[in-house]
Each structure stands twice: as C-alpha cells, then as structure tokens.
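The residues making up each chain are set out below.
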Amino acid sequence: MLLFGRETMTDAMFNFQIARLLALADDMERVRCGVPPEVMAGDAAPILDRWILAQRIVPCLAGLSTGHPRLVGQDRLIATTDLWLLSEDRAWARTLSRWYRVGRPAEQSALDS
C-alpha cells in the first residue's frame, strides 16, 4: 500500500510499483495469447522446490459500504481487495479493483468488543 498526497514523496516507489504491475499485466496478456511461460521466463527463472500453495495477509479495508457497484446495499459490511493507495488525509483509497471515498474510521473500542 502506498500513501499519496502533497506531503508524501511518491515518485520512486510509484515508478517501481507501476513497472511491476505493468510487467505482470504484460505477462498475463502474453499468456492469454498463448505464449508459453518458458519463452517469457527463459533459463533465468529461479526454481521453487518442495512448494505449497499458501496465503498471506495483504492490506485491505473493511467497513460499511454504500453504493458499491457489485456488493449492493446500504451500510453493507465488506472487505476490499488489496489496498494499493491511501491518501494522506485518509479521504481516498484505491484497491486493486476500484476507488473508495473513505468516511469515518471505526472507533477502536467498538473493534475490541
């Protein structure tokens, strides 16, 4: 997740993440077009041995959603996709799938009960 705004220096990290995401999107497009992974990766690809399918925690937001295009309803409890951008003033958030206007944060005491 990257913070963005007037006070945050974003150029280097934004450029790094943009390049990374563009490379992923390019590879996905090439897979869709039938290019085999061995052609894209070549002999330089590392080997991952004795592997398992795992999950890891990524930043996201959870809260009461109103006006979501797919999760219809008012004050519907949701969790977002991976959080990529959060404005310094915490007014805007960009997840993997869409922008959100960010309202009031939850009260910490309500989360503890």
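This text goes with the structure placed above it.
Now for a quick tour of the structure. Everything quoted here is computed from the prediction, not taken from an experiment.

Thresholds, definitions, all that
Residues numbered from 1 in each chain as written. Predicted model: local features only at pLDDT ≥ 70, side-chain atom pairs only at ≥ 80, totals over all residues. Heavy atoms only, no water. Pairing = 2+ DSSP bridges. Helix = DSSP H or I, 4+ residues; strand = E, 2+ residues; numbered from the N terminus. Axes fitted to C-alpha atoms, helices over the stretch in contact; angles between N-to-C directions. Contact = heavy atoms within 4.5 Å. Patch = residues over 30% accessible without salt bridge, like charges linked within 9 Å, V, L, I, M, F, W, Y side chains within 5 Å. Areas by Shrake-Rupley, 256 points an atom, 1.4 Å probe, with all protein chains shown as cover. Salt bridge = Lys/Arg side-chain N within 4 Å of Asp/Glu carboxyl O. 1 Å grid on protein atoms, 1.4 Å probe; cavity = no way out; pocket = protein on both sides within 12 Å on 5 of 7 lines; lining within 4 Å. Points joined across faces, edges and corners; volume = space filled by probe spheres on them. Nonpolar A, V, L, I, M, F, W, Y, C, P; charged D, E, K, R; others polar.

**Observations concerning the sheet that holds strand E4 (residues 83–87)**
Pairing between sheet strands relies on hydrogen bonds along the backbone, with the strands arranged either parallel or antiparallel.
Reasoning step 1: Overall, mixed pairing links the four strands, which are arranged E1-E4-E5-E6 in an open sheet. The open sheet is flanked by strand E1 (2–4) and strand E6 (99–101), the only strands paired with a single partner. Looking at each pair of strands side by side, their axes are set apart by 20° on average, direction ignored.
Reasoning step 2: Note that strand E5 (residues 92–95) and E6 share three bridges and pair antiparallel. Bridge pairing in E6 places Arg-94 opposite Trp-99.
Reasoning step 3: Across the sheet, helix H1 (residues 11–32) lies against E1 and E4, angled at about 125° from E1, the strand it touches most.

**Considerations on a nonpolar patch on the surface**
Reasoning step 1: Together, Leu-21, Leu-24 and Met-28 line one region of the surface with nonpolar side chains, adding up to about 290 Å² of accessible area.
Reasoning step 2: Within the secondary structure layout, Leu-24 lies in helix H1.

**Topic: the environment of Asp-75**
Reasoning step 1: With respect to the helices and strands, Asp-75 occurs in the loop between strand E2 (62–65) and strand E3 (76–79).
Reasoning step 2: Put simply, Asp-75 and Leu-64 are eleven residues apart on the chain and 4.4 Å apart in space, counted from C-alpha to C-alpha.
Reasoning step 3: Beyond its immediate chain neighbours, meaning those up to four positions away, Asp-75 contacts Leu-64, Ser-65 and Thr-66.

**Digging into the layout of surface pockets**
Reasoning step 1: Roughly 930 Å³ of internal volume is contained in the largest pocket.
Reasoning step 2: In this structure, the largest pocket is lined by 27 residues; those nearest its centre are Gly-63, Leu-64, Arg-101, Val-102 and Gly-103.
Reasoning step 3: Considering every element that reaches the lining of the largest pocket, the biggest residue donor is E2, with four residues.
Reasoning step 4: Among the residues making up the lining of the largest pocket, the classes are represented as 15 nonpolar, seven polar and five charged.
Reasoning step 5: Of the pockets and cavities examined, the second largest pocket occupies roughly 320 Å³.
Reasoning step 6: Lining of the second largest pocket is provided by 13 residues; of these, Arg-20, Arg-56, Val-58, Asp-82 and Trp-84 occupy positions nearest its centre.
Reasoning step 7: For the lining of the second largest pocket, the secondary structure elements donating two or more residues are H1 and E4.

Remember, this is a structural readout, not a statement about activity or role.
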